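A closer look at the structure
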Amino acid sequence: MTFNAAWNDASLDSILDDLARRHTPATFFLTGAFADRHPEVVRRVAAAGHGLGNHSYSHPFFKDLTTAGRRREVQAADQALRAAGAGQSLTPFFRFPYSETSAAQIDEVNGLGFADIEYTADTNGWKGTEGGMTVDLAVGRALDALRPGAIVQMHVGTSEGRAEVIDAQALPRILDAITARGYRVIDLRTLLTPAAGPADRGNLPG
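Heads up: these notes are all about the structure in this document.

Criteria and cut-off values
- Residues numbered from 1 in each chain as written.
- Predicted model: local features only at pLDDT ≥ 70, side-chain atom pairs only at ≥ 80, totals over all residues.
- Heavy atoms only, no water.
- Buried < 20%, exposed > 50% of the residue type's maximum accessible area, 1.4 Å probe, protein only.
- Helix = DSSP H or I, 4+ residues; strand = E, 2+ residues; numbered from the N terminus.
- Pairing = 2+ DSSP bridges.
- Right-handed = clockwise from strand over helix to strand, strands pointing away.
- Axes fitted to C-alpha atoms, helices over the stretch in contact; angles between N-to-C directions.
- Parallel < 35°, antiparallel > 145°, perpendicular 65-115°, else oblique.
- Contact = heavy atoms within 4.5 Å.
- Nonpolar A, V, L, I, M, F, W, Y, C, P; charged D, E, K, R; others polar.
- Salt bridge = Lys/Arg side-chain N within 4 Å of Asp/Glu carboxyl O.

1. Thoughts on the pairing of strand β7 (residues 152–155)
Taking every second residue as pointing to the same face, both faces of β7 are buried, with Val152 and Met154 on one and Gln153 and His155 on the other. Pairing geometry for strand β1 (residues 2–5) and β7, over three bridges, is parallel. By the bridge assignment, Thr2 is partnered in β7 with Gln153. With two bridges connecting them, strand β6 (residues 121–122) and β7 associate as parallel partners. Its bridge partner being in β7, Ala121 is matched across the sheet by Val152. Between the parallel pair β6 and β7, the chain is carried across by helix α6 (residues 135–144), and the sense of this crossover is right-handed.

Structural data, given as structure tokens:
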């Protein structure tokens, strides 16, 4: 289970409560700008035992940046997460903004010491009701893609002008259905091995 955060912390309480109630680990990919605005969120996620990943600093389209600009985005986000108190919960995981990847850009991220973690299912809850999404649709998208090794992408917060956080409402139903179908959610950090260096981690889409 993974959650991206770039807007605000709406729904964080219910998400953390549902994860704790079901003893479910998750990884939260935060932008550096979000970490700067909400350092208390970084500390709360870390205190809850979840992993923290890098989602760039300002969530730009990486194809529009120079190599140096992409490097700054990754490194500035890492610094912001550390300054906000990520501590031992900080992972060497990176998720590209807009899931926009290329082999060359993945190589760049690997060279900075990060593995690219994408997803096999996006609930699309971030689109909100304005974008035609409902809780039922979000649940269905996650469960239709359920299989060993699946990585579900959800979101914390809402974009400007929206109030309803569909993913927070869908989460308990998704987690209960995962268990009912005989699956177990594992911590992405278990993918790491002591011998793995930056060049070995590569791209881990699921």
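2. Some words on unusual backbone geometry
The phi angle at His23 is positive, at roughly 50 degrees, despite the residue not being glycine. Along the polypeptide, His23 turns up in the loop between α1 (12–21) and β2 (27–30). With a phi close to 60 degrees, Tyr98 is a non-glycine residue in the positive phi region. In this fold, Tyr98 is placed in the loop between β4 (90–94) and α5 (103–111).

3. Structural notes on the pairing of β1
The side-chain alternation of β1 yields two buried faces, one formed by Thr2 and Asn4 and the other by Phe3 and Ala5. In terms of strand pairing, β1 meets β2 through four bridges, oriented parallel. When the bridges of β2 are listed, Asn4 appears paired with Phe29. Of the crossover connections in this fold, the one passing from β1 over α1 to the parallel β2 is right-handed.

4. Considering the packing of α1 against helix α3 (residues 39–47)
Where α1 contacts α3, the two axes come as close as 11 Å, and the packing angle between them is 5 degrees. Considered as vectors, α1 and α3 are oriented roughly parallel to each other. Here α1 contributes Leu12, Asp13 and Leu16 to the contact with α3, which in turn contributes Val41, Arg44 and Val45. Tallied by class, residues from the contact of α1 with α3 come to four nonpolar, no polar and two charged.

5. Section: the pattern of salt bridges
Here the structure, examined in full by the defined rule, presents nine salt bridges. We note a salt bridge from Asp176 to Arg22, for which the minimum N-O separation is 2.7 Å. One end of the pair, Asp176, is in helix α7 (residues 166–180); the other, Arg22, is in the loop between α1 and β2, and 154 residues separate them in sequence. The salt bridge partner of Asp78 is Arg82, with a shortest N-O separation of 2.8 Å. With Asp78 and Arg82 both in helix α4 (residues 67–84) and four residues apart, this pair spans about one turn of that helix. Members of the salt-bridge network, linked through shared partners, are Asp18, Arg21, Arg22 and Asp176.

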